[in-house]
Each structure stands twice: as structure tokens, then as C-alpha cells.
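Chains, contacts and geometry: an overview
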Amino acid sequence: MDNWLDLRSDTVTRPGAAMRAAMNAAEVGDDVYGDDPTVNRLQEYAADLFGFEDALFAPSGTQTNLLALLAHCGRGDEYLVGQEAHTYRYEGGGAAVLGSIQPQPIINQPDGSIALADIESCIKPDDFHFARTKLLALENTINGRVLPMAYVQQATTLAHDKGLSTHLDGARICNAAVKLGITPREVVTGFDSVSVCLSKGLGAPVGSVLLGSRPLIKEAKRWRKMLGGGMRQAGVIAAGGLYALEHNIPRLAEDHDNAAYFAAELAKMKNLKVSTPQTNIFYVDIPQFVLKGLGDVLELTRIRMSLGPRTRIVTHMDASRDDIDRAITVFGDFFG
């Protein structure tokens, strides 16, 4: 595995030596009792970093998103969400299956946003024929695209003016902050809750944190227990997440630079149509008739991609510039 270059996702990153040392030395206790000092430090640090009253550590971003939806909405309630959003498309329908919460999917605009007029038009009247619209859920970054801060301010203000709460799937929110050159606290302004993944570009092996008010986190903690997310000596993994937040946010800029470099080099090759990355994700349109041959070459040269007619490429901390140059050479030889 060590000499494979894996560009399928930034979820494939592995903890480095310093992070492993922090995990090995972590103080632990029983987190269900609230006694794990490292989990508590992670939650306190994350809440302060992003400007919220409280935080809750959970095993996955799917779970922290679900906890937020369950805390904001009740049975028969509805949340507004983009059709491309992870909470709607890639989380197994958890809100509907486990919370009896109805999603109202809305088409995403080319920049990843949901049009304000579409948000407003999808808010249901106060009438017992309709589900009660309770929440607007956005995602940033969404498929690598950064939501403009002016739009975020307008969308969250609209939601609040209409009596809705707001949730952000911020799985890659630190990428957005680095791209925009603003602080984590600034990039989540306007949201009542935020889910932050620690195991993508930040490099922790597992875990996400949910941020919100103390009452919301108290409710989410009850749901976490019910969903099987209450862990015991979780400080061992929380230490990786704490190290990630303390040390790995600025280095996300390297991933963005590598993605831009990689995309620009691939765009020079015939038969390839390449999107321009804003952060660490971009897409390459590859002719169907070459996919089998290209897949064989990538396997032989120990490069992993989610290969298809529209291939997503994701750069991360385990993909160095030298690694990217190797991949460019492989593509160049194949398409040259």
C-alpha cells in the first residue's frame, strides 16, 4: 500500500508520526460519562475555534449530520437541501428512515449554491396538509466548490427571517476557509449548527464534531447514544482530531495548489476535458472507449482513481507534488 498513490478521496489519508504519537499519549476516560479528558479538550477546542457554545465528537460525518437533523427537526418536519448535497444523496436516507424527517431536495446552481428564490418557494405554508419546514441545510465545500460568503449571509438570513434553523455540512469547511483566506469562525457565520469532518483533508483517522448551542448539543448527545455513537475511551481517536485542528488547517493550501497544478497539466492533453479546481477536488471527462486501457495502466503504475466517464480526482496530504508529477507522466504517456 505504501507506494500506491490514491486519488479517490481525501478520506484515504493516514495519520502521520506526530499525530500517532499524540494518539498514543492521549489521556482517556469513559466519554459516555463525560470523563474522557481528550474528548473534552477536542470538543472545547473545536467549539472555540468555530465560535459555538458547545461541540460533540462522533464517529462519522454522516452521524453528526444526522444528529443535527434529529435535533433540529421532529417527525413530520422537513428540511430544505440541495440535490447534490451529501446529507440528501449519500447518507442512506437516514433522516427519513430514522427520524421521519422529510427532505425537500432543491436543484443546486452551477456554483453549488441553492437559489434564494428556490429556497423561499419551497418553504411550506403553515397548513396541516404540508410537512412543517424547519431547517435549511447547506454544504461547504460542495464537490470542491466554495460557497461565496455573500450568498451564505443572504441564505441564512432568509432562512432565519422565515423562522427556519440553519445547518451546515462542513465536511470540508476548513478547505473553504483556507481558500477564502478567512478564519474558521468567520466561514461558519450564520449557521445554528455545523458538522466538521476531521478525517478528510485534516488527516485524522476517524471522527467528526458537531457544533451548536448547548441545548442543541444536549439533544444531539441523547440521539448519539440512541444511534450507537456513544464511545468509551475515545480519547485515543479524539487526540488525532485535536492534532488535526491544531496543526493541519493551513497545510490544506498545499492540496489546493497540487489540484490546480494537476488539473492544468491534464488540461493540456488531448481527449480530456478538465474542470478548474477551487480547492482540492476536480473532475476529468474521459472518453468511454479509453477507460479500460487507462484503468489497466493506472493499476500497473499503482495509481488509484474512481475511474469513469466523469472522474473525480482529490488531492490530499498523502499525495505530494512528486506523486502528482508521477501521475501526470502516466497520463501523458497514455494520451500522448
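Residues numbered from 1 in each chain as written. Predicted model: local features only at pLDDT ≥ 70, side-chain atom pairs only at ≥ 80, totals over all residues. Heavy atoms only, no water.

Per an unreviewed UniProt entry, the recorded name for the protein chain is Low-specificity L-threonine aldolase, and the organism is Duganella lactea. Taken verbatim from the UniProt record of the protein chain, the Sequence similarities (unreviewed entry) comment is "Belongs to the threonine aldolase family." As its UniProt record puts it under Subunit (unreviewed entry), the protein chain is described as follows: "Homotetramer." (UniProt positions renumbered as here; feature names shortened; annotations may be inferred.)

1. Section: the sheet that holds strand 12 (residues 310-314)
The strand order across the open sheet formed by 3 strands is 9-10-12, and the pairing between neighbours is antiparallel. If you trace the sheet from one side to the other, it starts and ends with strand 9 (273-274) and strand 12, each paired once. Pairing between strand 10 (residues 281-285) and strand 12: 5 bridges, direction antiparallel. From the neighbouring strand, valine 284 faces strand 12, where its bridge partner is threonine 311. In the packing of helix 12 (residues 252-267) onto the sheet, the strands contacted are strand 9, strand 10 and strand 12, and the crossing angle to strand 10 comes to about 15°. (Pairing = 2+ DSSP bridges. Helix = DSSP H or I, 4+ residues; strand = E, 2+ residues; numbered from the N terminus. Contact = heavy atoms within 4.5 Å. Axes fitted to C-alpha atoms, helices over the stretch in contact; angles between N-to-C directions.)

2. A few points about the UniProt feature "modified residue: N6-(pyridoxal phosphate)lysine" (unreviewed entry) in the protein chain
Using the residue numbers shown here, the UniProt feature "modified residue: N6-(pyridoxal phosphate)lysine" (unreviewed entry) corresponds to Lys200. With respect to the secondary-structure elements, lysine 200 resides in the loop between strand 7 (193-197) and strand 8 (208-212). For lysine 200, the residues in contact, after removing those within four places along its chain, are Asp10, Thr11, Thr13, Ala171 and Arg172.

3. Let's talk about the packing of helix 2 (residues 37-50) against helix 11 (residues 235-247)
At a minimum axis separation of 8 Å, helix 2 and helix 11 run at an interaxial angle of 30°. For the element pair helix 2 / helix 11, the angle class is roughly parallel. Seen from above, helix 2 lies across helix 11 with left-handed handedness. Contacts between helix 2 and helix 11 involve Thr38, Val39, Arg41, Leu42, Tyr45, Ala46, Leu49 and Phe50 on the former and, on the latter, Gly235, Ala238, Ala239, Gly241, Leu242, Leu245 and Glu246. (Parallel < 35°, antiparallel > 145°, perpendicular 65-115°, else oblique. Left-handed = near helix turned anticlockwise from the far one by under 90°.)

4. Focus: the side chain of arginine 172
Here arginine 172 lies in the loop between strand 6 (165-170) and helix 8 (173-180). By relative accessible area, arginine 172 is classed as buried at 9%. Arginine 172 has contacts with Ser9, Asp10, Asn140, Thr141, Lys200, Asn280, Ile281 and Arg312, leaving out every residue within four places of it along the chain. (Buried < 20%, exposed > 50% of the residue type's maximum accessible area, 1.4 Å probe, protein only.)

5. A closer look at the UniProt feature "domain: Aromatic amino acid beta-eliminating lyase/threonine aldolase" (unreviewed entry) in the protein chain
The feature "domain: Aromatic amino acid beta-eliminating lyase/threonine aldolase" (unreviewed entry), as given by UniProt, occupies residues 6-285 in the numbering adopted here. Secondary structure across residues 6-285 comprises 42% helix and 17% strand; the distance between its end C-alpha atoms is 19 Å.

6. Observations concerning the pattern of salt bridges
One pass over the structure, following the stated rule, counts 16 salt bridges. Ionic pairing is found between glutamate 84 and arginine 145, a salt bridge with its closest N-O pair at 2.5 Å. Of this pair, glutamate 84 sits in the loop between strand 3 (77-82) and helix 4 (86-89) while arginine 145 sits in the loop between strand 5 (132-139) and helix 7 (149-161), placing them 61 residues apart in sequence. Classification of glutamate 84 by relative accessible area gives partly exposed; the value is 22%. Look at arginine 145 and you get buried, because its relative accessible area is 15%. The shortest N-O distance in the salt bridge between glutamate 265 and lysine 268 comes to 2.9 Å. Residues joined by salt bridges that share partners form a network here, namely Asp77, Arg132 and Lys134. (Salt bridge = Lys/Arg side-chain N within 4 Å of Asp/Glu carboxyl O.)

7. Quick word on the side chain of aspartate 31
Looking at the element boundaries, aspartate 31 is found in the loop between helix 1 (17-24) and helix 2. Discounting chain neighbours no more than four positions away, the residues touching aspartate 31 are Asp36, Val39, Asn40, Lys221, Arg224, Met231 and Arg232.

8. A closer look at the domain arrangement of the protein chain
Looking at the protein chain, the domain boundaries give domain 1 (17-247) and domain 2 (250-335). Taken over C-alpha atoms, the centre of domain 1 sits 29 Å from the centre of domain 2. At the interface, 14 residues of domain 1 touch 12 residues of domain 2. Buried surface at the junction of domain 1 and domain 2, both sides included, amounts to about 1200 Å², of which 57% is carbon and sulfur. Seen at the junction of domain 1 and domain 2, the total is 0 salt bridges. Here domain 1 is connected to domain 2 by 4 residue pairs in polar contact (both at pLDDT 80 or more). Sorting elements by how many residues they give to the side of domain 1 that touches domain 2 places helix 8 first, with 4 residues. Taken together, the residues that form the side of domain 1 that touches domain 2 break down as 4 nonpolar, 7 polar and 3 charged. (Domains from an automatic or database assignment. Buried area = accessible area lost by both parts, 1.4 Å probe. Polar contact = N/O pair within 3.5 Å; in protein donor to acceptor, adjacent residues only side chain to side chain. Nonpolar A, V, L, I, M, F, W, Y, C, P; charged D, E, K, R; others polar.)

9. Digging into the packing of helix 13 (residues 291-300) against helix 14 (residues 321-335)
Helix 14 packs onto helix 13 with a crossing angle of 140° between their chain directions and a minimal axis gap of 11 Å. Crossing of helix 13 against helix 14: the hand is right-handed. Seen from helix 13, the contacting residues are Gly293, Leu294, Val297 and Leu298; seen from helix 14, they are Val330, Phe331, Phe334 and Phe335. Along the lines of polarity and charge, the residues of the contact of helix 13 with helix 14 split into 7 nonpolar, 1 polar and no charged.

10. Focus: unusual backbone geometry
Cis geometry is found at the peptide bond from asparagine 140 to threonine 141, where omega equals 0°. Note on placement: threonine 141 falls in the loop between strand 5 and helix 7. Notably, arginine 302 is not glycine yet its phi reads approximately 60°, a positive angle. Mapped onto the fold, arginine 302 is located in the loop between helix 13 and strand 11 (303-304).

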